[in-house]
Amino acid sequence: MNASPVVTLDGVQKWYGEYHALRGVQLTVNGGERIVICGPSGSGKSTLIRCINGLEPHDSGTITVNGIELAPDLKRIDEVRREVGMVFQSFNLFPHLTILENCTLAQIWARQRPKAEAEEIARHFLARVKIPEQALKYPGQLSGGQQQRVAIARALCMKPKIMLFDEPTSALDAEMVNEVLDIMVSLAREGMTMICVTHEMGFARAVADRVLFMDAGQIVEENAPAEFFERPRHERTRAFLGKLAVRPAAVG
Amino acid sequence: MSAATTTRHSLLRALFGNLASSLGTVAIGAFLLMAVPHLFSWAVINGVWQGGGDACTGDGACWSFLRAKFRFILFGIYPPGEQWRPAAVVVILIALTLWTLPRSHWTQRTLGLWIGGVVLSLVFMGGGIAGLQAVPTAAWGGLPITLLLTVLSLALGFPLATLLAVGRRSQLPVIRFLCVSFIEIVRALPLVSLLFIAAILVPLLLPEWLTIDNLARALVALTASSAAYLAEVLRGGLEGVHRGQAEAARALSLSHWQTLRLIVLPQAIRNVIPPLTNTAVVVVKNTSLVLVVGLFDLLSAGRAALSDPAWPAPYAETYLAVALIYFLICFGISRYSRSLETQR
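Residues numbered from 1 in each chain as written. Chains lettered and ligands numbered in written order. Predicted model: local features only at pLDDT ≥ 70, side-chain atom pairs only at ≥ 80, totals over all residues. Heavy atoms only, no water.

Colleague: Before we go on, may I ask you to explain the overall build of chain B in this structure?
Modeller: The secondary structure content of chain B amounts to 14 helices and two strands. Along the first, second and third principal axes, the C-alpha set of chain B runs to 70 × 70 × 40 Å. Counting all 344 residues of chain B, 42% fall into the buried class. Within chain B, counting contacts between residues at least 6 apart in sequence, those at least 24 apart form 67% of the total. Carbon and sulfur atoms make up 71% of the accessible area of chain B, which totals about 18700 Å². Charged side chains in chain B number 23 positive and 13 negative. The centres of these two groups are separated by 14 Å. (Helix = DSSP H or I, 4+ residues; strand = E, 2+ residues; numbered from the N terminus. Buried < 20%, exposed > 50% of the residue type's maximum accessible area, 1.4 Å probe, protein only. Contact = heavy atoms within 4.5 Å. Areas by Shrake-Rupley, 256 points an atom, 1.4 Å probe, with all protein chains shown as cover. Lys, Arg positive; Asp, Glu negative; His and termini not counted. Charge placed at Lys NZ, Arg CZ, Asp CG, Glu CD.)

Laid out in structure tokens, this is it:
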């Protein structure tokens, strides 16, 4: 495992108009580390990971990804995005393209890979997420779970060093959550650096190195999963976990 | 009940289901009883199919006029000996259109064919090279003008419309202002006045040595008009594309323009095929307005044909023939867009 930091946030502030979304966030993620971020809605967890690949520009503080400091300068944002894959809550597959084209488009246009090579890579990762046979279908013909697996494959095709997951299972029907989590677990076991916003506590227990609890734009508490769930230190963490406890863990 | 009885039954109910539809049925039936025999005797029984102007004296339709004048209506005052050239242009443009219909032909090669086809059409029309007799644009006329103006104002207007629609949503106030001004001003002016501005005002403003051809000026006005309307249609389509689509593309490190071209625009265009079709049909018919600046499109060539004193000026027959051509073009566009909507 590579122990040097690949993502560093230092004093990151973010406002949406009057609303203070991130209040001086400090975070260091080392290569190969798996971070799970949880917290109530509106706590800033999605904003945090969207700042890491520049989908949201931050207002002050520094974000460094893979040695590149993310400034509002667009050139560098593209460099950062080349290293960072992202999976969204609502999948965001391109509905006018086939599954295979979804996975090859950015390879061809952003990485200048020849089409044949891009297709080979795409088929490899579609096999990885266990849907090689759907390559020529369109996203609308797939179930939600299958679409999210395609979205993971699409991100992996770019060979990212870091993967961001923004509530990847929240839009899924209960019976499809596990097929997506299984892929994420196997990705984690292979040593991918992952930052996941999720409320799947079973997943956090199974693979996370650290669990972060965010509230009101701040990281309130962070700890190894066992400690985090058994002995939460902060009152707000306890209140949050108390509300989650009624849901059974999805992954053992 | 058999299928036939059911059909008869539902037909009866549609025609005489209640008082209002019964009255409507009776009224329309009475009108048809009067009109159809009259129309039939005008068009067929008394219709004149042979002979010259003096044969068209009775109550019948003067179809022989169309026989005598179809070349003038289709090609205007283009030199008769050279009319194979505009005929070739019509064939080229129709053939290219038919070639472009299947989705699998939407390639760069097809774009190249179109550019080549339009250049070839202009060479055929204008002549002056390759041993072709030079024909000034003032002598161009009829269907080729209508087709060329339609094709060019849509082909030039669509990319311009795309820029305007994207610019209208730009973060940069100057660009947004320029795009909004263009769209709003062009939309606020009647096309006829836009044509007059292009034909009369622009030459007054420009220095003498910089004279632009009358046809080109009309084309500029038509292009500006179609671009403004298409831009508003496209803007609606752009707004219908979910924000997450662009975010996903950007997260995959596609550039801003790649995201627009490969992800957002294709979806935006697909969202607005019905209103785009509507605008395209309007553009086809708007080309007939160029007659106000003295250009001979299909409609004005038809009108000019009627002024021959050797004939009794059969308006209805001529306008029916011209209307039929417009109908075929517009109905074709409409059917095609239907089929696009149902395809993936």
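Colleague: Can you walk me through the confidence of the model for chain B in this structure?
Modeller: Any residue range with low pLDDT should be treated as having predicted coordinates unsuitable for detailed reading. All names here are of chain B. With 97% of its residues at a pLDDT of 70 or more, chain B shows a mean pLDDT of 85. Highest mean pLDDT in chain B belongs to helix H10 (residues 243-251) (93); lowest belongs to helix H1 (residues 3-16) (77). For this predicted complex, the interface confidence comes out at an ipTM of 0.90, alongside a pTM of 0.81. (pLDDT = per-residue confidence, 0-100.)

Colleague: In this structure, what is going on with the interface of chain B and chain A? I would like to understand it.
Modeller: For an interface, size is often stated in terms of accessible area lost upon the parts coming together. Between chain B and chain A, the residue contacts involve 20 residues of the former and 25 residues of the latter. Between chain B and chain A lies a buried interface of about 2000 Å² when both sides are counted; carbon and sulfur atoms form 61% of it. On the surface where chain B and chain A come into contact, there are one salt bridge. For Glu247 of chain B, the salt bridge identified is with Arg50 of chain A, shortest N-O distance 2.6 Å. The tally of links from chain B across to chain A stands at six residue pairs in polar contact (both at pLDDT 80 or more). Sorting elements by how many residues they give to the side of chain B that touches chain A places H10 of chain B first, with eight residues. Of the residues belonging to the side of chain B that touches chain A, the class tally is eight nonpolar, six polar and six charged. (Buried area = accessible area lost by both parts, 1.4 Å probe. Salt bridge = Lys/Arg side-chain N within 4 Å of Asp/Glu carboxyl O. Polar contact = N/O pair within 3.5 Å; in protein donor to acceptor, adjacent residues only side chain to side chain. Nonpolar A, V, L, I, M, F, W, Y, C, P; charged D, E, K, R; others polar.)

Colleague: What exactly am I supposed to notice about the packing of helix H6 (residues 143-168) of chain B against helix H7 (residues 173-188) of chain B here?
Modeller: The angle between the axes and the distance between the axes are what describe a pair of packed helices. Residues and elements named next belong to chain B. Contact geometry of H6 with H7 gives a least axis separation of 8 Å together with a crossing angle of 125°. Taken together, the axes of H6 and H7 are oblique relative to one another. Here the hand of the crossing between H6 and H7 comes out left-handed. In this structure, H6 contributes Leu163, Leu164, Gly167 and Arg168 to the contact, and H7 contributes Ile175, Arg176, Cys179, Val180, Phe182, Ile183 and Glu184. (Axes fitted to C-alpha atoms, helices over the stretch in contact; angles between N-to-C directions. Parallel < 35°, antiparallel > 145°, perpendicular 65-115°, else oblique. Left-handed = near helix turned anticlockwise from the far one by under 90°.)

Colleague: How do you make sense of the pattern of salt bridges when you look at a structure like this?
Modeller: Any two side chains of opposite charge can pair, on the condition that their charged atoms come close. All names here are of chain A. Under the definition given, this model contains 27 salt bridges over all chains. Where Arg76 meets Glu79, a salt bridge forms, and the shortest distance between an N and an O atom there is 3.1 Å. One end of the pair, Arg76, and the other, Glu79, are both in helix H2 (residues 74-83), three residues apart, so they sit about a helical turn from each other. Here Arg149 ties to Glu179 by a salt bridge, and the two come within 2.4 Å at their closest N and O atoms. Of this pair, Arg149 sits in helix H5 (residues 144-156) while Glu179 sits in helix H6 (residues 174-189), and the two are 30 residues apart along the sequence. Residue Arg149 is classed as buried on the basis of its relative accessible area, which comes to 10%.

Colleague: Before we go on, may I ask you to explain the environment of Ala251 of chain B in this structure?
Modeller: Within the fold, Ala251 of chain B resides in helix H10. Filtering out sequence-adjacent residues up to four positions away, Ala251 of chain B remains in contact with Asn53, Leu55, Arg81, Val84, Met86 and Phe88 of chain A.

Colleague: Before we go on, may I ask you to explain the sheet that holds strand S6 (residues 84-87) of chain A in this structure?
Modeller: Backbone hydrogen bonds hold the strands of a sheet together, and the pairing may be parallel or antiparallel. Residues and elements named next belong to chain A. Within the open sheet, the six strands sit side by side as S6-S7-S8-S3-S9-S10. Their pairing is mixed. Only two strands of the sheet have a single neighbouring strand rather than two, namely S6 and strand S10 (218-223). Averaged over neighbouring strand pairs, the angle between their axes works out to 20° when direction is ignored. Note that strand S3 (residues 34-38) and strand S9 (residues 210-215) share four bridges and pair parallel. Across the sheet, residue Cys38 finds its bridge partner in S9, namely Phe213. Lying on the sheet, H5 is in contact with S6 and strand S7 (162-166); it crosses S6 at an angle near 170°. (Pairing = 2+ DSSP bridges.)

Colleague: How should I be thinking about the nonpolar core in this particular structure?
Modeller: Across soluble globular proteins, you tend to see nonpolar side chains buried next to one another. Grouped together as the largest cluster of nonpolar side chains are 58 residues, with contacts concentrated most on Phe65, Trp140, Leu149, Leu195, Val290 and Leu298 of chain B. Setting aside residues up to four positions removed in sequence, Phe65 of chain B forms contacts with Ala305, Leu306, Trp311, Pro314 and Thr318 of chain B. Among the nonpolar cores identified, the runner-up in size contains 51 residues, and Val36, Ala151, Ala155 and Leu244 of chain A belong to it. (Core = buried A, V, L, I, M, F, W, Y, C linked by side-chain atoms within 4.5 Å.)

Colleague: Just to check I follow, could you spell out the pairing of S9 of chain A for this structure?
Modeller: The side chains of a regular strand alternate between the sheet's two faces. All names here are of chain A. Of all the six residues making up S9, six are buried; the element is thus mostly covered by neighbouring parts of the structure. Along S9, one buried face is formed by Arg210, Leu212 and Met214 and the opposite face, lined by Val211, Phe213 and Asp215, is buried too. As judged from the five bridges shared by S9 and S10, these two strands associate in the antiparallel manner. The partner of Asp215 across the bridge, within S10, is Gln218. If you look at the hairpin formed by S9 and S10, you'll find two residues sitting between the two strands, and Ala216 has a positive phi there, around 50°.

Colleague: How do you make sense of the side chain of Gln83 of chain B when you look at a structure like this?
Modeller: Residues and elements named next belong to chain B. Its location among the elements puts Gln83 in the loop between helix H3 (63-75) and helix H4 (84-100). On the accessibility criterion, Gln83 (5% relative accessible area) is buried. Separated by 2.9 Å, the side chains of Gln83 and Arg71 make a polar contact. A polar atom in the side chain of Gln83 sits 3.0 Å from the backbone oxygen of Tyr78. Leaving out residues up to four positions away in the same chain, Gln83 has contacts with Arg71, Phe75, Gly76 and Tyr78.

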